[in-house]
Amino acid sequence: MTATIKKTVSLLLCAAILCCATVPVLAGDEGCKCGFSPIIYVGPLGCTPIVRDAGTENEQTLWKTDTKFLLSNLRAVMPELTKSLLTHNTELLGDALAEFVLACFGDLALDAEGSSKENVTTPELNVPEGDRHGPEYDYYFDYDFRLDPYEHADRLHAFIRQVKALTGHDSVKLKCSSMGGVVLSAYLDKYGYDGIDVIICRCCPLWGTAVAGEAFCGRLELNAEALTRYAADAVPFLETGFADDFIEGSLYALLAVLKGAGVMDGLCALGDAVIRAAGEKVYRKAMIPIFGSLPGIWAFVPQEYFDDAVRLMHVPDEGGLHDKIFAYRNAMAHVADRLTNAKKDGVRICIICGYNVQRTPLVTLWRSTSDGTVDTKYASLGATCADVRETLDDSYLSALENKDYLSPDNMVDASTCVLPDCTWFVRNWLHCNGNTGIDALFDLVMTSGDVSVNAFERFPQFLEADDDTDTVYPVTGAPDALERLKAHPSYLNFIRFLVSVVRRLLQAPDAVMHCVRALRERAESAAIIQGRQA
Ligand SMILES: [Zn+2]
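Right, let's talk about the overall build of the protein for a bit. Of the regular secondary structure elements, the protein holds 18 helices and 13 strands. When the 534 residues of the protein are sorted by exposure, 46% land in the buried category. A sequence separation of at least 24 residues applies to 73% of the contacts in the protein between residues at least 6 apart. Only carbon and sulfur atoms are counted for the fraction: they give 57% of the accessible area of the protein, which is about 26,300 Å².

Printed below as a string of structure tokens:
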């Protein structure tokens with residue numbers, strides 16, 4: 001091909017691309033009169049698969065990967081693993097575990113510029129298609145969670161423009177789930193909130209999550225109480241497909257027994273010993289090189305952990321990766337201001353987060369109340385929260401002048417939130433778990449002119465998630481297993497009630513001993529009387 005032909009061909013190609021790009025814009029110019037701007041759903045971490053060698057015979061999904069791949073990697077390190085356990089060689093154990101983690105996740109690591117390996121890609125990323133919009137539909141924005149959140153912000157910017165053009169609306173609604181809030185924070189930092197009329201943050205780590213902060217600072221600990229509660233909280237979500245209620249109830253009881261018998265403590269002591277002995281090696285050889293190289297995961301590290309984490313994770317002093325890891329600090333530092341200004345300018349905002357769920361039992365901060373993954377204080381932008389399953393202490397409560405934002409169970413004070421009037425709390429709501437009651441709140445947020453915790457009778461600031469009925473109802477007082485059993489008499493709730501009774505008895509051993517003593521005295525005096533009568 002001569003240079004002229006090449007030039008002509010490329011000019012024609014450019015013209016063709018421009019034509020294609022302008023068609024939706026023309027459609028948009030007519031404008032849609034439906035009155036409901038389209039929803040863009042910004043998905044959570046793992047919203048799209050990350051694949052190695054996509055389209056070849058060696059294709060392997062690295063995230064979320066399959067059991068077969070994990071097992072084959074485990075099989076490869078089995079000889080070392082067995083040997084290390086038989087000989088109590090923790091050095092060898094560390095090596096084997098690190099090798100396993102590297103084989104499973106090593107290719108997810110980014111390079112010194114913060115870019116992915118060329119053969120590791122997200123082949124299924126969505127592009128907006130069609131003009132269907134309304135309360136029932138959304139355009140799903142997905143992304144490679146490993147990358148710099150500002151790269152997603154750029155893509156989201158183009159995505160929003162495409163959706164506007166396709167639907168003929170000049171604004172959109174952003175509904176963000178979990179890590180979607182990270183993408184949102186970067187977007188607001190770089191592009192502002194022009195052309196956005198609703199922002200929903202569902203369980204978003206807007207100020208990070210303690211799990212990431214603690215893990216990146218090496219503060220790991222297994223705790224028996226936390227492990228038991230964590231497992232118990234997960235039980236209702238098991239789907240065995242056969243007599244679920246009975247199986248769940250039995251597992252729940254089993255967990256309570258295991259905890260009571262000290263099995264959980266033993267398991268944790270074992271876990272702690274392994275973490276101490278082999279953990280350092282796994283951290284150095286696998287965790288730091290893989291997860292420490294992902295700006296997306298760095299975006300979960302709360303500000304107060306960041307400097308310590310940078311030291312422990314050996315972030316390079318300069319270069320693309322360094323810049324990407326540090327850049328997001330700006331987004332996190334300013335998200336509160338951006339949302340405050342957006343609200344002042346009429347953007348309807350709904351921040352909603354869970355509380356009172358036992359969080360991941362692996363970190364030292366296991367008492368921090370959360371939805372199991374994201375701490376309530378970080379997702380709510382600043383609520384004052386009691387430890388999980390506890391209430392705020394008396395001195396705090398008595399000093400609190402404005403009790404309008406205090407939860408009826410005394411667990412959360414929302415008055416310290418950045419946007420107390422637009423922040424909802426759902427007790428016992430597991431991270432991002434689907435709930436039609438909460439979806440109904442979102443519908444109201446998206447269709448009402450006034451969005452605040454006092455605007456909707458059915459949805460006051462503090463709600464409780466009820467998985468039995470797949471809905472939410474207002475919190476009126478402390479969690480009560482008996483009330484729950486009365487409302488929904490299932491086997492699982494019966495076991496929950498029994499466990500709560502036993503737990504209450506164990507928490508008050510003096511009272512139990514007093515009862516035992518009183519009974520014994522009564523029995524003895526009865527025996528004496530009988531003896532006399534005889
Ligand atoms: Zn429309």
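Let us now look at unusual backbone geometry. Put simply, W63 and K64 share a cis peptide bond, and its omega is -15°. In this fold, K64 is placed in the loop between β3 (60–63) and α2 (67–86). Here the phi dihedral of R389 falls at roughly 65°; this positive angle occurs in a residue that is not glycine. Relative to the helices and strands, R389 is located in the loop between β9 (384–385) and α14 (394–399). You can call R389 partly exposed: its relative accessible area is 32%.

This part covers the side chain of S407. Here S407 is to be found in the loop between α14 and β10 (412–413). Within the structure, the side chain of S407 is placed 2.9 Å from the backbone nitrogen of M411, a separation counted as a polar contact. What S407 contacts, discounting residues up to four positions off in sequence, is Y355, V412 and F462.

This part covers the nonpolar core. Taken as a class, soluble globular proteins show a tendency for nonpolar side chains to be buried jointly. Residues I40, V42, L174, I199, W298, L339 and I349 are the most contacted members of the largest nonpolar core, which totals 79 residues. No other element matches the eight residues that helix α12 (residues 320–344) contributes to this core. Each residue touching L174, except ones within four places of it in the same chain, is listed here: I40, V42, I160, L184, I196, V198, I199 and I200. Formed by 23 residues, the second largest nonpolar core is a distinct cluster that contains I352, W424, L441 and V472.

The next point concerns the pattern of salt bridges. Pairing of side chains with opposite charge becomes possible as their charged atoms draw close. Summed over all chains, the structure comprises 15 salt bridges. The partner of R219 in a salt bridge is D308, and the shortest N-O contact between them spans 3.4 Å. Highlighted residues: R219 in the loop between α6 (210–216) and α7 (224–234) and D308 in helix α11 (residues 303–312), separated in sequence by 89 residues. A relative accessible area of 34% means that D308 is categorised as partly exposed. Connected via shared salt-bridge partners are E91, D95, K281 and K285.

Now for the sheet that holds strand β7 (residues 196–202). Reading across from one edge, β5-β1-β6-β7-β8-β11-β12-β13 is the order of the eight strands in this open sheet, with mixed pairing throughout. Sheet topology places β5 (139–141) and β13 (471–474) at the edges, where each strand pairs with a single neighbour. Between one strand axis and the next, the sheet turns through 25° on average, direction left out of account. Sheet strands touched by helix α4 (residues 149–167): β1 (39–42), β5 and β6 (172–177). Its angle to β5, the strand with the most contacts, is close to 170°.

What follows covers the packing of aromatic side chains. Counted according to the given criterion, the structure contains 12 aromatic pairs. Centre to centre, the rings of F306 and F326 are 5.1 Å apart; their planes meet at 80°, and the pair counts as edge-to-face. Placement of the pair is F306 in helix α11 and F326 in helix α12, with a sequence separation of 20 residues. Seen in terms of ring centroids, F425 and F462 are 5.2 Å apart; in terms of plane orientation they differ by 20°. Their pairing is stacked. Taken together, the positions of F425 in strand β11 (residues 423–427) and F462 in strand β12 (residues 462–466) put the pair 37 residues apart, joining distant regions of the chain. Across this residue pair, the class does not change: F425 and F462 are buried. Through successive ring pairs, a cluster of aromatic residues spans W63, F105, F145 and F291. A cation sits over an aromatic face here: K173 above F36, 3.9 Å from the ring centre.

Turning our eyes to something else, we now look at the sheet that holds β3. The three strands lie next to each other as β3-β2-β4, forming an open sheet whose pairing is antiparallel. This sheet does not close on itself; its edge strands, each paired only once, are β3 and β4 (120–121).

This paragraph deals with α2. For α2, the principal kink sits at V77 and spans about 55°; a proline, P79, occurs within the next four residues. Residues of α2 that are buried: F69, N73, V77, L81 and S84. H88 occupies a position one or two residues after α2 and carries a positive phi of about 55°.

Looking now at the confidence of the model for the protein. Model confidence for the protein is summarised by a mean pLDDT of 86, while 82% of its residues fall at 70 or above. Note on residues 1–6: pLDDT under 50 across the span, and one contact to partners over four residues away in sequence or across chains. Overall, residues 8–28 carries pLDDT values under 50, and its contacts beyond four positions in sequence, including any with other chains, amount to six contacts.

Scoring rules and cut-offs
Residues numbered from 1 in each chain as written. Predicted model: local features only at pLDDT ≥ 70, side-chain atom pairs only at ≥ 80, totals over all residues. Heavy atoms only, no water. Helix = DSSP H or I, 4+ residues; strand = E, 2+ residues; numbered from the N terminus. Buried < 20%, exposed > 50% of the residue type's maximum accessible area, 1.4 Å probe, protein only. Contact = heavy atoms within 4.5 Å. Areas by Shrake-Rupley, 256 points an atom, 1.4 Å probe, with all protein chains shown as cover. Polar contact = N/O pair within 3.5 Å; in protein donor to acceptor, adjacent residues only side chain to side chain. Core = buried A, V, L, I, M, F, W, Y, C linked by side-chain atoms within 4.5 Å. Salt bridge = Lys/Arg side-chain N within 4 Å of Asp/Glu carboxyl O. Pairing = 2+ DSSP bridges. Axes fitted to C-alpha atoms, helices over the stretch in contact; angles between N-to-C directions. Phe/Tyr/Trp six-rings, centres within 6.5 Å; stacked < 30°, edge-to-face > 60°. Lys NZ or Arg CZ within 6 Å of the ring centre and 35° of its normal. Bend = angle between axes of the 7 residues up to and from the residue. pLDDT = per-residue confidence, 0-100.

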